[in-house]
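Listed here are the chains, written in short residue letters.
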Amino acid sequence: MTDLTGHVAVVTGAAQGLGRAFADALRAAGADIVACDRRDAVHDVEGLTYVADVRDADEVRMVVDGAVAKHGRIDVLVNNAGVVRPTFATDPWEQALADYDEIVDTNLRGSFLFGRAVAPVMVEAGGGNIVNIGTDHVFPLPGVDVHGHGAMDLYNASKWAINGLTLDWAINLKRHGIRVNAIHMGATDTEMLRTWMGDKATDDIMSTWMQPTQTAAILLELLGEGPTGRTGQNIGLWVGREPSIDDATHAGARLPAAP
């Protein structure tokens, strides 16, 4: 079992769903939790909690600086905060701009801001882990073609872009002992997916979904690999297939030394 006693873990979007499962699992493994979310329910998480918007640079700094002020270090960052809504190439212009600001700024800018804020803290400490959260739209089940959704162009674009952060950070930060990986899961029983599905979320369909605790268990296994563990990899978790940390591939063709 992974022992994270003495470690400090920052989890974004931690009020519910996957974020809450990550925070609870990390806490159970002994880590001190720093959690943020736009929802007041984040205060139900055990640890240092903030109502904060990951799109806002000042609020990101508030969370990261608060974590360092209280604990003196950050060992783990889970870039989990994300949103989804239907978006189409033919949407009205003003709606498209608003959707872009909400979806891309939350999913991509939020991960960028937290990663850039936390990386110097980890460099000074001599190591750490950054885990980005993706989707099976980017990393599908082996044998299944990568495909679009037809109704999620902004969500998918934001998650594809996270691949760029994952690989480049992994290369750049490896010499500092910082591992950077991404977890890409399929349909998981969260409030976000239930809202997306609406009336289509029948008992039969929901019975096939994975549980947030399964993804949280993979996170702990990933962290448990320690400083010499994998970096620059995507880990895929798919409906109908037992979640395994071995279902991974490099985010890029190779992981060269940083320039």
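Higher on the page you've got the structure.
In this text the structure is predicted, and so the values were computed from the model without any measurement.

Trainee: Can you walk me through empty space enclosed by the protein in this structure?
Mentor: Across all of its chains, the model carries one cavity of 30 Å³ or more by this definition. Quantified by volume, the largest cavity comes out at close to 30 Å³. In terms of lining, the largest cavity is formed by Thr12, Val54, Asn79, Asn80, Ala81, Thr106, Gly110, Ser111 and Phe114. Sort the elements by how many residues they give to the lining of the largest cavity and helix α3 (residues 93–125) lands first, with four residues.

Trainee: What exactly am I supposed to notice about the nonpolar core here?
Mentor: Across soluble globular proteins, you tend to see nonpolar side chains buried next to one another. Phe22, Leu26, Ile33, Val78, Ile183 and Leu219 are the most contacted members of the largest nonpolar core, which totals 33 residues. Put simply, the parts of the chain that give this core at least two residues each are β1 (8–12), α1 (17–28), β2 (32–37), β4 (76–79), β5 (128–133), β6 (178–185), α7 (212–223) and β7 (233–237). The contacts of Phe22, once residues within four sequence positions are left out, are Val11, Val78, Asn80, Ile133, Thr215, Ala216 and Leu219. Counting residues in hydrophobic clusters, the runner-up holds 29 residues, among them Val54, Ile74, Ala81 and Val121.

Trainee: Sorry, what's going on with the packing of α1 against α7 here?
Mentor: If you want to describe how two helices pack, look at the angle between their axes and the distance between the axes. Two elements in contact, α1 and α7, have axes whose closest approach is 9 Å; the angle formed by their N-to-C orientations is 45 degrees. Comparing the axis directions of α1 and α7 gives the class oblique. Crossing of α1 against α7: the hand is right-handed. Within the contact between the two elements, α1 uses Gly17, Leu18, Ala21, Phe22, Ala25 and Leu26 and α7 uses Pro212, Thr213, Thr215, Ala216, Leu219, Leu220 and Leu223.

Trainee: Got a minute to help me understand α1 in this structure?
Mentor: One turn of the α-helix equals 3.6 residues, which is why residues spaced by three or four share an orientation. Under the 1.5 Å per step criterion, the end-to-end length of α1 is 17 Å for 12 residues, consistent within 8% with the ideal 16 Å. Buried residues of α1: Gly17, Leu18, Gly19, Ala21, Phe22, Ala23, Ala25 and Leu26, and no others.

Trainee: Please clarify how helix α2 (residues 57–71) should be interpreted in this entry.
Mentor: Here α2 is 15 residues long and its end C-alpha atoms lie 21 Å apart, about the 21 Å a rise of 1.5 Å per residue gives. Buried within α2 we find Val60, Val63, Val64, Gly66 and Ala67. Buried residues of α2, seen end-on, are gathered within an arc of 155 degrees and therefore sit on one face of the element. With respect to the buried face of α2, the exposed residues turned more than 90 degrees away are Asp58 and Ala69.

Trainee: Whenever I open this one, the layout of surface pockets confuses me. Can you help?
Mentor: Using a probe with the size of a water molecule, rolled over the atoms, empty space left in the structure can be pinpointed. A volume near 210 Å³ is recorded for the second largest pocket. Around the second largest pocket, the lining is made up of 16 residues, and of these His7, Asp75, Gly128, Asn129 and Pro227 lie nearest the centre. Here the residues of the lining of the second largest pocket sort into five nonpolar, eight polar and three charged.

Trainee: It is not clear to me how the pairing of β5 should be interpreted in this structure. Could you clarify?
Mentor: Counting buried positions along β5 yields six of six residues, so the element is predominantly enclosed. Neither face of β5 is left uncovered, since the one carrying Gly128, Ile130 and Asn132 and the one carrying Asn129, Val131 and Ile133 both have all their residues buried. Where β4 and β5 come together, four bridges link them in parallel fashion. Looking at the pairing, Leu77 lines up with Ile130 of β5. Considered for its hand, the β-α-β crossover made up of β4, α3 and β5 is right-handed. Pairing of β5 with β6, which is carried by six bridges, proceeds in the parallel orientation.

Trainee: Explanation requested: the packing of α2 against α3 in the structure shown.
Mentor: Where α2 meets α3, the closest approach of the two axes is 10 Å, and the angle between their N-to-C directions is 35 degrees. Relative to α3, α2 is oriented so that their crossing is right-handed. Here Ala57, Val60, Arg61, Val63, Val64 and Val68 of α2 lie close against α3, whose contacting residues are Arg109, Leu113, Phe114, Ala117, Val118 and Val121.

Trainee: Would you explain the side chain of Thr12 in this entry?
Mentor: In this fold, Thr12 is placed in strand β1. Reaching out from Thr12, the side chain makes a polar contact with the backbone nitrogen of Ala81 at a distance of 2.9 Å. Residues in contact with Thr12, not counting those within four places in the same chain, are Cys36, Val54, Val78, Asn79, Asn80, Ala81 and Phe114.

Trainee: I'm lost on the pattern of salt bridges in this one. Help?
Mentor: If the charged atoms of two oppositely charged side chains come close together, the side chains can form a pair. Under the counting rule described, the total for this entry stands at 13 salt bridges. Note that Arg27 and Glu46 form a salt bridge whose closest N and O atoms lie 2.9 Å from each other. Here the residue Arg27 occupies a position in helix α1, and Glu46 occupies one in the loop between β2 and β3 (48–51), the gap between them amounting to 19 residues. According to the relative accessible area criterion, Arg27 is partly exposed, its value standing at 32%. Between Asp53 and Arg55 there is a salt bridge whose closest N-O contact spans 2.7 Å. The exposure class of Asp53 is buried, given its relative accessible area of 15%. Residues joined in a network through salt bridges with shared partners are Arg38, Asp53, Arg55 and Glu102.

Cut-off values and rules
Residues numbered from 1 in each chain as written. Predicted model: local features only at pLDDT ≥ 70, side-chain atom pairs only at ≥ 80, totals over all residues. Heavy atoms only, no water. 1 Å grid on protein atoms, 1.4 Å probe; cavity = no way out; pocket = protein on both sides within 12 Å on 5 of 7 lines; lining within 4 Å. Points joined across faces, edges and corners; volume = space filled by probe spheres on them. Helix = DSSP H or I, 4+ residues; strand = E, 2+ residues; numbered from the N terminus. Core = buried A, V, L, I, M, F, W, Y, C linked by side-chain atoms within 4.5 Å. Buried < 20%, exposed > 50% of the residue type's maximum accessible area, 1.4 Å probe, protein only. Contact = heavy atoms within 4.5 Å. Axes fitted to C-alpha atoms, helices over the stretch in contact; angles between N-to-C directions. Parallel < 35°, antiparallel > 145°, perpendicular 65-115°, else oblique. Left-handed = near helix turned anticlockwise from the far one by under 90°. Expected span 1.5 Å × (residues − 1). Arc of directions from axis to C-beta. Nonpolar A, V, L, I, M, F, W, Y, C, P; charged D, E, K, R; others polar. Pairing = 2+ DSSP bridges. Right-handed = clockwise from strand over helix to strand, strands pointing away. Polar contact = N/O pair within 3.5 Å; in protein donor to acceptor, adjacent residues only side chain to side chain. Salt bridge = Lys/Arg side-chain N within 4 Å of Asp/Glu carboxyl O.

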